[in-house]
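Results of the structural survey
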Amino acid sequence: MLSSFGPLGADDIAYIRDCFTGALQTHAAGTPVILAPERNEARLVFKGWAARGAMLEDGRRQIVGLNLPGEMIVASGAVDTDMLVWALTDVVTIDGTAFWTGMSELRTQSAPLLEAWRHYRTAERLRMARQVIRLGRLSAYERTAHLLLELHERQARLGPVVAGVLHLPLTQDILADILGLSAVHMNRTLQQLRRNALVDYRAGRAVLQNLTSLAQAANLSADCGPSL
């Protein structure tokens, strides 16, 4: 995934692999992913999807971010530790604290690796900004179109994908929690996208039938939209 942000050499790949040690941990769907902020613990998502968000007293929740395979989950200070992290599907993680610390403190001398890391971190910040824009200014129809495009492009970083086919192991309830919608409104929005021949959402995946038209439906400029 990191190599999708810039070309990496054999030494870079070896450095990355050497940083990830320890046994794999499995987190069942719906359970928390426990991190230790006192040591800036970081874990790499090896398999599955995790979420970061907040739970309200009445049981409602807001998901503010997703972690897909190849991405890092970090507990590094108050901004991160006041959010819950939990597994949306069965998730497998591995300790990546050494890698996170090394990159954050610029311990590597490889300019290409540092450049790829810089772009990766920038992409993380942009995703958070886009989530704020989605929740604050877009309609339910626009929010859904833009989120699906973003997830499709994030998955493309893991390797070749079939254009328009999105692995989406999320229920409509989870999508509603990401987009700040009720379950009923989420269902109606997906039905509208289906009627407009833009998205065919089924259990486990979504087929984005017309990427160009879906981007238009998202109603965001290139500066704010998903970008590889």
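Above: the structure in question.
Residues numbered from 1 in each chain as written. Predicted model: local features only at pLDDT ≥ 70, side-chain atom pairs only at ≥ 80, totals over all residues. Heavy atoms only, no water.

Pairing between the strands of a sheet is mediated by backbone hydrogen bonds and can be parallel or antiparallel. Spatially, E8-E10-E9 is the arrangement adopted by the three strands of the open sheet, whose pairing is antiparallel. Strands at the two margins of the open sheet, each flanked by one partner only, are strand E8 (165–168) and strand E9 (199–202). The average undirected angle you get between the axes of adjacent strands in this sheet is 15°. Relative to strand E10 (residues 204–208), E9 runs antiparallel, the two being bridged by four bridges. Note that in E10 the partner of Asp200 across the bridge is Val207. On the sheet, helix H5 (residues 140–156) packs against E8, E9 and E10 and is oriented at approximately 95° with respect to E8. (Pairing = 2+ DSSP bridges. Helix = DSSP H or I, 4+ residues; strand = E, 2+ residues; numbered from the N terminus. Axes fitted to C-alpha atoms, helices over the stretch in contact; angles between N-to-C directions. Contact = heavy atoms within 4.5 Å.)

Under the counting rule described, the total for this entry stands at six aromatic pairs. For the pair Phe99 and Trp117, a centre-to-centre distance of 5.4 Å together with 90° between the ring planes defines the contact as edge-to-face. Of the two residues, Phe99 sits in helix H3 (residues 97–104) while Trp117 sits in helix H4 (residues 111–137), which places them 18 residues apart along the sequence. Exposure remark for Phe99: the relative accessible area of 4% places this residue in the buried category. Among the residues examined, Trp117 registers a relative accessible area of 8% and is labelled buried. Each ring, one from Trp100 and one from Trp117, has its centre 5.4 Å from the other, and the planes form 80°; the classification is edge-to-face. With a gap of 17 residues between them, Trp100 in helix H3 and Trp117 in helix H4 connect regions that are remote in the sequence. Judged on exposure class, the residue Trp100 and its partner Trp117 are both buried. (Phe/Tyr/Trp six-rings, centres within 6.5 Å; stacked < 30°, edge-to-face > 60°. Buried < 20%, exposed > 50% of the residue type's maximum accessible area, 1.4 Å probe, protein only.)

These figures come from the coordinates and say nothing about function on their own.
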